[in-house]
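Structural overview
One letter stands for each residue in the lines below.
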Amino acid sequence: NATSAVAADMSPIRKVITLIEEMKLQCEKDASEDLAANDKFMCWCATNEKEKGKALEDARAHVEELNAFLQEAAAKEGELKTLIANLEKDIADDKDALATATATREKEFEAFQAAEADMKETKSLLREAIQVLEKVQLVQQGKAPAGDAATHAREVLLQLHNRVQQHHPEFQGLMQKDLFDVFGSLEGFVQRN
């Protein structure tokens, strides 16, 4: 065994020197490997630092964009809330106006219906009055009996007078004069006959 023979020939100092030389070679080899690993790690750090730095800059820019967007959104939100409040007020005002207009229209319709009914009744009374006046004219001309026609004429004309006085007071003076004329001629005719 050559190694053991060499080792046996070696003196203890030589053994230490050999061991130190082997350790030196191993340290140089380890240092070389560590240097390569360090270079690799430093390259990774530099590349990673650039990538992370760029990502950080991009993230900061994005945060600024988002902050600007949030400010715009807050302003828009305030604007829209104001618009919504104004629209809700307008809707409430329109509903009130519609309710008022509806109530007014209903009252006007009721008044129209009442006036229409009165007009129909007045029209009916006027037709009856015309018929009575035709009979009165016949009585005055001596072509019909005087007693019942005059009484009926007086009743119808008083109803007509009351109706006109109640619903059309502007014609009351005119009706009053005409009624007195008709009643006077009726009484004079009845007394003569």
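Residues numbered from 1 in each chain as written. Predicted model: local features only at pLDDT ≥ 70, side-chain atom pairs only at ≥ 80, totals over all residues. Heavy atoms only, no water.

On to the overall build of the protein. Scanning the protein from terminus to terminus reveals 4 helices and 0 strands. Taken from the N to the C terminus, the helices and strands of the protein come in the order α-α-α-α. Within the protein, the fraction of its 193 residues that count as buried is 12%. Here the analysis covers contacts within the protein between residues at least 6 apart in sequence; of these, 65% occur between residues at least 24 apart. About 15400 Å² of surface is accessible on the protein, with carbon and sulfur atoms providing 60% of the total. (Helix = DSSP H or I, 4+ residues; strand = E, 2+ residues; numbered from the N terminus. Buried < 20%, exposed > 50% of the residue type's maximum accessible area, 1.4 Å probe, protein only. Contact = heavy atoms within 4.5 Å. Areas by Shrake-Rupley, 256 points an atom, 1.4 Å probe, with all protein chains shown as cover.)

Moving on to the packing of aromatic side chains. Overall, the coordinates contain 1 aromatic pair when judged by the stated rule. Between Phe41 and Trp44, the aromatic rings sit 5.9 Å apart at their centres with planes inclined by 25°, giving stacked as the arrangement. One end of the pair is Phe41 and the other is Trp44, both in helix α2 (residues 12-140) and 3 residues apart, which spans about a single turn. Judged by relative accessible area, Trp44 falls into the exposed class, the value being 51%. (Phe/Tyr/Trp six-rings, centres within 6.5 Å; stacked < 30°, edge-to-face > 60°.)

Taken together, Leu80, Leu83, Ile84 and Leu87 make up a surface patch of nonpolar side chains, about 340 Å² in accessible area. Relative to the elements of secondary structure, Leu80 occurs in helix α2. Here Leu80 falls in the partly exposed class, since its relative accessible area comes to 38%. (Patch = residues over 30% accessible without salt bridge, like charges linked within 9 Å, V, L, I, M, F, W, Y side chains within 5 Å. Salt bridge = Lys/Arg side-chain N within 4 Å of Asp/Glu carboxyl O.)

To continue, consider the confidence of the model for the protein. Across the protein, the average pLDDT comes to 79, with 67% of residues at 70 or higher. Confidence, expressed as mean pLDDT per element, reaches its minimum in the protein at helix α1 (residues 2-9) with 53 and its maximum at α2 with 88. Under a pLDDT of 50 for its full length, residues 189-193 has, in the predicted model, 8 contacts with residues more than four places off or in other chains. (pLDDT = per-residue confidence, 0-100.)

This paragraph deals with the state of the cysteines. Under the counting rule described, the total for this entry stands at 0 disulfides. No disulfide involves Cys43; its sulfur sits 9.4 Å from that of Cys45, the nearest cysteine. Classification of Cys45 by relative accessible area gives partly exposed; the value is 24%. (Disulfide = S-S within 2.5 Å.)

Glancing now at the pattern of salt bridges. For side chains bearing opposite charge, pairing can occur when the charged atoms are close. Following the criterion strictly, the structure yields 7 salt bridges and no others. One salt bridge in this structure joins Glu108 and Arg105, with 3.4 Å as the shortest N-O distance. Here Glu108 pairs with Arg105, and both are found in helix α2, just 3 residues apart, close to one helical turn. We classify Glu108 as partly exposed; its relative accessible area is 45%.

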